[in-house]
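Read off the chains here:
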Amino acid sequence: MKALDINKLKGLVVHHMLWCAIIISLAGGRILSPYFFKSNNITVILYTCAIYGLLAIAESLVLLVAEIDLTVGISAVVSPALAIYLSNAIYKFSMGKEVVRGGYVTAPWWMIVVFTLLIATLIGLINAILVVKGNVPAFVATIGVQYAVTGIGYIITKGTPLFMTKVKGAALIGGAKVLGCIPLCLLLFLLIAGLFIFLCGSTRFGMRVYSTGGSVKAATLCGINTGRWKMFMFIISGFLAGVTGIVFTSKLQSIDVTQTTGYEMTALAIAIIGGIELNGGVGNLRNTVKAALFMAILSNVMSMIGFLSYHQTFVLGLFIVLFAILHKRSDSRRLKELNIVEV
């Protein structure tokens, strides 16, 4: 009887592993630092969760169709920079004045937002064309585009930061708070996450996405245009990277092409921790949201206790392997309960 109870407890813990990880990390943060639950620190955690979460949702959608996108991080910072210089070119051509002087930007915020979304979506479209139409492996295509976009960013900005402090309304989406400690950008993230959780779980959109990732041949035989859906996911990923860039720029009030170095790997790690499989067709965006919160808390705790970046990278690697093993065990347990034999 006791053995049966222990097995049930193990199964419960594995099934709710992300909630357990979040609770343990919160408890650890409180024990390690008396300032962990201060309102300012809570705001930092929630802001980080919004940034991580937006990029992770973008990455997860591409992984669900059995592809990968390594441009989400750099696209999030280069797109606003290109948008600013495009605005500057338009103003210079049409009105004879510049909106970028000495690194300070005076272009209208709405124009920067629109151009950022368009440019980021265009990067997603380029990825889609290379992968689907050009038959280039997604890893090769997106890492090539990543390097190209990075180079363009350095060429355009000459490696110098751009400051947004003179742009009216630029600080709203990244700096505004609700109820004193909840960043407005977190609500934006939850809205976007909720939309795609609904679409993937309750509509034909989700059925086509999971079918495309599960088996291209079977999906094609069912009449699903798998190439179109893969392209669609890359484009959505690019758009969400643009949204992230807007939030990122609004919060920091500056743009530097080195600011999102490694963010694409963090997004990929969150997706994996959340149970999205690289083979496609398996995973739940709800768990991606939980994984983003866990990663934000973990990063905050490690920073508060003085872990350097390479220490944090080591710990992140351990958690990726740990959660991959736990998700595999959870899947095996579920298949066993259904009397399905793995092959």
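Residues numbered from 1 in each chain as written. Predicted model: local features only at pLDDT ≥ 70, side-chain atom pairs only at ≥ 80, totals over all residues. Heavy atoms only, no water.

Student: So, the confidence of the model for the protein chain: which residues are in play, and what are the values?
Tutor: In this model, the protein chain carries an average pLDDT of 85, and 90% of its residues clear a pLDDT of 70 or more. Within the protein chain, helix α5 (residues 109–133) carries the highest mean pLDDT (94), whereas helix α1 (residues 2–15) carries the lowest (58). (pLDDT = per-residue confidence, 0-100. Helix = DSSP H or I, 4+ residues; strand = E, 2+ residues; numbered from the N terminus.)

Student: Tell me about the environment of V216, and please be specific about residues and values.
Tutor: Tracing the backbone shows V216 in helix α10 (residues 216–221). According to the relative accessible area criterion, V216 is partly exposed, its value standing at 35%. Each C-alpha atom, one on V216 and one on S237, is 20 Å from the other, the two residues being 21 residues apart in sequence. (Buried < 20%, exposed > 50% of the residue type's maximum accessible area, 1.4 Å probe, protein only.)

Student: Can you lay out the pattern of salt bridges for me, pointing to particular residues and giving the numbers?
Tutor: Applying the stated rule across the entire model yields 1 salt bridge. With its nearest N and O atoms 2.8 Å apart, the salt bridge here joins E67 to K230. Here E67, found in the loop between α3 (39–64) and α4 (72–95), pairs with K230, found in helix α11 (residues 226–252); they are 163 residues apart in sequence, far enough to count as distant. Accessibility classification places E67 together with K230 in one group, the buried group. (Salt bridge = Lys/Arg side-chain N within 4 Å of Asp/Glu carboxyl O.)

Student: Break down the packing of α4 against helix α6 (residues 138–157) for me, citing the residues and quoting the values.
Tutor: At a closest axis distance of 10 Å, the pairing of α4 and α6 adopts a crossing angle of 35 degrees. Here α4 runs over α6; the crossing is left-handed. Note on element contacts: α6 touches α4 through Q146, V149, T150, I152, G153, I156 and T157, opposite I74, V78, A81, L82 and Y85. Here the residues of the contact of α4 with α6 are counted per class, giving 8 nonpolar, 4 polar and no charged. (Axes fitted to C-alpha atoms, helices over the stretch in contact; angles between N-to-C directions. Left-handed = near helix turned anticlockwise from the far one by under 90°. Contact = heavy atoms within 4.5 Å. Nonpolar A, V, L, I, M, F, W, Y, C, P; charged D, E, K, R; others polar.)

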